Amino acid sequence: MIDTVRLMAWLSPGYPVGAYAYSHGLEWAVECGDVGGEASLLAWLGDVLERGAVRTDLILLAHAHAAAEAGDIPALAEVNDLAVALAPTRELHLETTQQGRSFLDATRAAWGSADLDRLSEALPGEVAYPVAVGLSAGAHRMALAPVLAGFGLAFLQNLVSAALRCAPIGQSAGTRVIASLTPRVAALAATIPPLSLEEIGTATLRLDLGSARHETQYSRIFRS
């Protein structure tokens with residue numbers, strides 16, 4: 001039970017990682033008309049989940065979790081180096097590394113342990129967000145399955161929150177989108193544990209290009 005409550009705290013909107021400042025390219029998608037309502041938001045987020053960053057992040061998280069459980073610092077550093085390098089744009093690089101460092105610092109301060117401190121000190125520079133979560137969960141010997149599902153759902157919930165601020169949808173529509181995506185998050189999370197790092201891959205080119213264009217978008221309220 002304590003692990004479940006801890007996970008809920010770590011992935012809540014109130015955890016001090018600054019997730020509210022990022023839209024993962026969604027603000028540009030709204031600006032150019034790709035997302036203009038409930039149906040298009042659901043389609044966009046479904047691609048982010050199954051063909052984009054969520055699937056990639058879950059694989060990275062799982063490998064960071066395994067490395068942390070094993071106390072394998074070289075493997076942990078390798079996963080983190082890959083995760084940081086995979087960010088396709090400056091803004092998405094900032095999104096993952098700023099949240100990763102903030103998450104790790106906050107978790108060490110509030111839920112510190114000898115294992116977490118030792119492993120964290122091996123990553124003194126940039127830390128990708130899924131690696132920070134996987135490292136922390138592994139150091140605390142938390143079961144992988146709920147961490148994967150929780151992280152995936154929290155990722156999408158943050159983007160729905162962003163959509164409520166920049167897209168023409170309301171809270172009821174946003175709630176329906178999350179309800180539609182929840183079983184897909186669970187299904188995806190169940191496929192992750194046996195996957196290798198070589199099986200990482202995305203097919204969200206328009207999101208990646210949109211993220212680059214967002215850097216010079218005239219009016220912006222998000223950092224990505």
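Residues numbered from 1 in each chain as written. Predicted model: local features only at pLDDT ≥ 70, side-chain atom pairs only at ≥ 80, totals over all residues. Heavy atoms only, no water.

- The name recorded for the protein chain in an unreviewed UniProt entry is Urease accessory protein UreF, from Methylobacterium bullatum.
- According to the UniProt record, the Subunit (unreviewed entry) comment for the protein chain is "UreD, UreF and UreG form a complex that acts as a GTP-hydrolysis-dependent molecular chaperone, activating the urease apoprotein by helping to assemble the nickel containing metallocenter of UreC. The UreE protein probably delivers the nickel."
- Per UniProt, the protein chain carries the Sequence similarities (unreviewed entry) text "Belongs to the UreF family." (UniProt positions renumbered as here; feature names shortened; annotations may be inferred.)

A few points about the overall build of the protein chain
Then comes step 1: Scanning the protein chain for helices and strands turns up eleven helices and zero strands.
Then comes step 2: Helices (α) and strands (β) of the protein chain occur, in sequence order from the N terminus, as α-α-α-α-α-α-α-α-α-α-α.
Then comes step 3: The C-alpha radius of gyration computed for the protein chain amounts to 17 Å, which stays within 12% of the reference 17 Å derived for 224 residues, consistent with globular compactness.
Then comes step 4: Dimensions of the protein chain, computed from C-alpha atoms along their principal axes, come out at roughly 50 × 35 × 30 Å.
Then comes step 5: By the burial criterion, 52% of the 224 residues in the protein chain qualify as buried.
Then comes step 6: Here the analysis covers contacts within the protein chain between residues at least 6 apart in sequence; of these, 82% occur between residues at least 24 apart.
Then comes step 7: Approximately 9800 Å² of the protein chain is accessible, and the part contributed by carbon and sulfur atoms is 58%.
Then comes step 8: Between the centroid of the 15 positive side chains of the protein chain and the centroid of its 23 negative side chains there is a distance of 5 Å. (Helix = DSSP H or I, 4+ residues; strand = E, 2+ residues; numbered from the N terminus. Rg over C-alpha atoms; globule rule 2.2 N^0.38 Å. Buried < 20%, exposed > 50% of the residue type's maximum accessible area, 1.4 Å probe, protein only. Contact = heavy atoms within 4.5 Å. Areas by Shrake-Rupley, 256 points an atom, 1.4 Å probe, with all protein chains shown as cover. Lys, Arg positive; Asp, Glu negative; His and termini not counted. Charge placed at Lys NZ, Arg CZ, Asp CG, Glu CD.)

Considerations on the pattern of salt bridges
Then comes step 1: Scanning the model with the defined rule gives twelve salt bridges in all.
Then comes step 2: For the salt bridge of E38 with R176, the shortest nitrogen-to-oxygen distance reads 2.7 Å. Highlighted residues: E38 in helix α3 (residues 38-51) and R176 in helix α10 (residues 171-191), separated in sequence by 138 residues.
Then comes step 3: Given a relative accessible area of 28%, E38 falls into the partly exposed group.
Then comes step 4: Three or more residues joined by partner-sharing salt bridges are found here, namely R108, D117 and E121. (Salt bridge = Lys/Arg side-chain N within 4 Å of Asp/Glu carboxyl O.)

Comments concerning the layout of surface pockets
Then comes step 1: Counted as a void, the largest pocket has a volume near 800 Å³.
Then comes step 2: Element by element, the count of residues in the lining of the largest pocket is highest for helix α9 (residues 144-166), at eight residues.
Then comes step 3: Its residues placed into classes, the lining of the largest pocket shows 24 nonpolar, twelve polar and four charged. (1 Å grid on protein atoms, 1.4 Å probe; cavity = no way out; pocket = protein on both sides within 12 Å on 5 of 7 lines; lining within 4 Å. Points joined across faces, edges and corners; volume = space filled by probe spheres on them. Nonpolar A, V, L, I, M, F, W, Y, C, P; charged D, E, K, R; others polar.)

Regarding the nonpolar core
Then comes step 1: The biggest cluster of nonpolar side chains holds 74 residues, and the ones touching the most others in it are L26, L45 and V131.
Then comes step 2: Top element by residues in this core is α9. It accounts for twelve residues.
Then comes step 3: When neighbours within four sequence positions are excluded, L45 is seen to be in contact with L156, L159, V160, V177 and L181. (Core = buried A, V, L, I, M, F, W, Y, C linked by side-chain atoms within 4.5 Å.)

Describing the environment of A212
Then comes step 1: Following the sequence through the fold, A212 ends up in helix α11 (residues 205-214).
Then comes step 2: In this structure, the C-alpha to C-alpha distance between A212 and L82, residues 130 residues apart in sequence, is 20 Å.

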